[in-house]
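# A closer look at the structure
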Amino acid sequence: MRWISEHSRTTLLIGLALAGLLQLISGNLDVYYLNIGLMAAIHVALAVSLNLVNGYTGQFSLGHAGFMAVGAYTAASLTTILPEALPAIAGLKGFSLQLWFVFSTLVGGGAAALCGFLVGMPSLRLRGDYLAIVTLGFGEIIRVFIQSSDTLGGARGLSGLPPLTSPFTCVSLAVISIYICGNLVKSTYGLGYLATRDDEIAAESVGVNTTRCKVNAFVVGAFIAGMAGSLYGHLLQYINPSQFGFLKSIEIVVLVILGGMGSTLGVSIAAVVMTFGLEQMRNLNEWRMVIYALLIIVFMIVRPQGVMGTLGVERSRTKSKRKAA
Amino acid sequence: MTLAKILLTFGATALLFVTGCAKQAETDSDVIKIGQFASLTGGIASFGQSSDAGTTLAIEEINAAGGVLGKQIELITEDDRSTAGEPANVVRKLIHRDKVSAVLGQVASSMSIEAAPICQEAGIPMITPASTNPEVTEKGDFIFRICFIDPFQGKVMAKFAKENLGASKSAILTDVKQDYSVGLTKYFKETFEEIGGEVVAEQSFSSGDTDFKAQLTTIKAADPEVIFVPAYYTEAALIALQARELGIELPLCGGDGWDSPKLFEIAGKAVDGCYFSNHYSQEDPSEAVQDFIAKYKAKHNAVPDAMAALGYDSAYVLVDAIKRAGSTEPEALRDAIATTSGYKGVTGTITLDENRNASKPAVVLKIAGGKASYVATVAP
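These remarks concern the structure in this document. Values in this document were obtained by computation on a predicted structure and should not be read as measured data.

## Focus: the environment of Ile14(A)
Residue and element names in this part refer to chain A. Tracing the backbone through its elements, the reader meets isoleucine 14 in helix H1 (residues 6-25). Exposure remark for isoleucine 14: the 16 C-beta atoms within 10 Å place this residue in the partly exposed category. Separated by 214 residues in sequence, isoleucine 14 and alanine 228 have C-alpha atoms that sit 21 Å apart.

Take a look at the structure:
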């Protein structure tokens, strides 16, 4: 546990304290902006977790929305469908209800992580484009599965989710995701991720189990995505399989690319700016999506390395360490 | 870049965010703000554009006549792009940022079901002009509708198919993605079997599909005498086209989701001889209807469909309630809407029952030569 420095643990606590503060003053804030803020926090968690796979480990996953869907539907089953059968849960109120929601969210994350493991085990032995296709397929399977399941609301979606997502849970998830991902890649273990990305053959030849690294990154990413999915669902109070389609995955990939692959700070900023930006452009009506696409094109031409450039991008230190040794 | 810096940046952003969006003071009220959400783009854009045109026309008339309670009405319209997840967003914006007194919308039931809990929670009255699925108004006591509901519409079409068309075997083709379609299928089947008919084939598809030949072939093999297609206009038109291609010459029946000029544009002759239930007929000679059609034509140079008529009525019902409530205070307004009784609108006399639904007669229209003409009126 050497890699969790005292310093960053303090910053984690500061982040959580900020989340608590936001919760306390949320009653005085404009609900509309607050909601966009919460959506931004959820997007931060999604982008940071995908960055672990796409940015740090150098794999190309297109199935992040699929993990979101697994998390959202699992948690919604526990908070919305289950209480209909179990009056004990339906009777929960206040703090215990929040605890139940946190538990449901963790279960949602766990279910997504399990899916990540099952998908990752066979497919992460593949490289590059092949993995993209497999994860794409996975996302579609999840969507079609939910669409044909009547208990989950089918294609019409599941409505009536209790509004349990609070400012505290959203911001905490974002902060904890940044903390976990930021520290993971600094750990000796996480160095394997970077080595896998930088040169897979070289990494293997020095004894890094690249498949294990990839599966690991994938599972952690899926876990966070699942929890983000749960918060997303309980914020909108309505989930529909079409919200978790291929386009949602692409949206998250765009955040990662705009932020700069492998820069936790960069993708976090990209997630916040894009969420607020898209909302602000609402009065442009049909031009909104055109401008969104144009911005991405221009940005990629002008600054292909992402918002932060190489600042904050973790580099593999295996080689230099080896030399020093 | 250390984690500390990352979190510092976040803290700073959060602070900006907090100071930037502290609750705005209540805006001075020399106008009454009414919000509307509609599908102005996307798969069911024709509905949204029609109902928006109707609502806008009504609000313009009211403003020209001096407004209500001595104030002008400002209508704020948001587009939900016919996309699930958007209605929740735009309705939140209307309520919390624009501070509207009431919300009008939507046509599609799925969209209204998504927005209703948000209006209910915020305590802002919502009137849906044309969502016929019963679940919409079950979301709470702030949610109203001014059209009939699917159990009634399903019953009307089942009776019509059995009694007027003399069919005893029917097939159903459902859109499983729409609450509207699933609900209508259920009630049609119930009534049709109750009065001695038999449903010989039940097939389904999802909104956005374009190929229905597999389902239609199965239906053809089951040899029905009528096919019930409770779909929205785009799919209904494609289904009609493909059915004729496969040599199925049976009449197709549908609900109010068929009512759009697009249906005739896409399907052309294929829908000749088909029937659908609707909220009003353009051929209705009554003064209210003809007057409305003339005004609508003058402004939009098109004949209004039922969604436009319902959008028009929904705005008038709301304004009538504001007038009776004497304020836009949400609870007073809710109670005033709930006691709407005998309001004479374009789509018939509107009286809201204790479940906040309007009980109104439905009309059945027959399509011939790119036009829908009146066949029968069925009272509840």
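## Some points on the nonpolar core
Residue and element names in this part refer to chain A. By size, the foremost hydrophobic cluster in this structure holds 205 residues, and its most contacted members are Ala47 and Ala228. The biggest single contributor to this core is helix H2 (residues 31-56), with 17 residues. Setting aside its immediate chain neighbours within four residues, alanine 228 contacts Ile42, Ala45, Leu46, Met68, Gly71 and Leu173.

## A word on the sheet that holds strand S14 (residues 371-378) of chain B
All names here are of chain B. The seven strands lie next to each other as S7-S6-S8-S9-S10-S13-S14, forming an open sheet whose pairing is mixed. A single partner strand is all that each edge strand has here, and the edge strands are strand S7 (198-205) and S14. The average undirected angle you get between the axes of adjacent strands in this sheet is 25°. Pairing between strand S10 (residues 275-278) and strand S13 (residues 362-368): four bridges, direction antiparallel. When the bridges of S13 are listed, phenylalanine 276 appears paired with leucine 365. Packing against the sheet, helix H5 (residues 150-164) makes contact with strand S6 (169-175), strand S8 (226-228), strand S9 (252-254), S10, S13 and S14, and its axis sits at approximately 55° to S13.

## Side note on the sheet that holds strand S2 (residues 72-79) of chain B
All names here are of chain B. If you walk across this open sheet you meet the five strands as S2-S1-S3-S4-S5, and the pairing is parallel. Looking along the sheet, the strands with just one partner apiece sit at the ends: S2 and strand S5 (143-145). Sheet twist, expressed as the average angle between the axes of neighbouring strands with direction ignored, equals 25°. Helix-sheet contacts for helix H2 (residues 45-64) involve strand S1 (31-38), S2 and strand S3 (102-104), and the interaxial angle to S2 is about 170°. Relative to S3, helix H11 (residues 306-325) is tilted by about 165°, and along the sheet it contacts S1, S3 and strand S4 (126-128).

Analysis parameters
Counting restarts for each chain, with residues numbered from 1 along the sequence as it is written. Lettering for chains starts from A, numbering for ligands starts from 1, and both go in the order in which the items are written. In keeping with the model being predicted, local features are shown solely for residues with a pLDDT of at least 70 and side-chain atom pairs are shown and tallied solely at 80 or more, while totals for entire chains, interfaces and linings include all residues. In DSSP terms, a helix is any run of H or I states spanning at least four residues, a strand is any run of E spanning at least two, and both are numbered starting from the N terminus. Whether a residue is buried, exposed or partly exposed is read from the other C-beta atoms within 10 Å of its own C-beta, which are placed from the backbone; 20 or more gives buried, 12 or fewer gives exposed, and intermediate counts give partly exposed. Here, a nonpolar core means buried Ala, Val, Leu, Ile, Met, Phe, Trp, Tyr and Cys residues linked by C-beta atoms lying within 7 Å of one another. Here the contact rule is simple: place C-beta atoms from the backbone, and any two residues whose C-beta atoms are within 7 Å are in contact. Should DSSP find at least two bridges between two strands, the strands are regarded as paired. What counts as an axis is a line fitted to C-alpha atoms, over the stretch in contact for a helix, and the angles between N-to-C directions run from 0 to 180 degrees.

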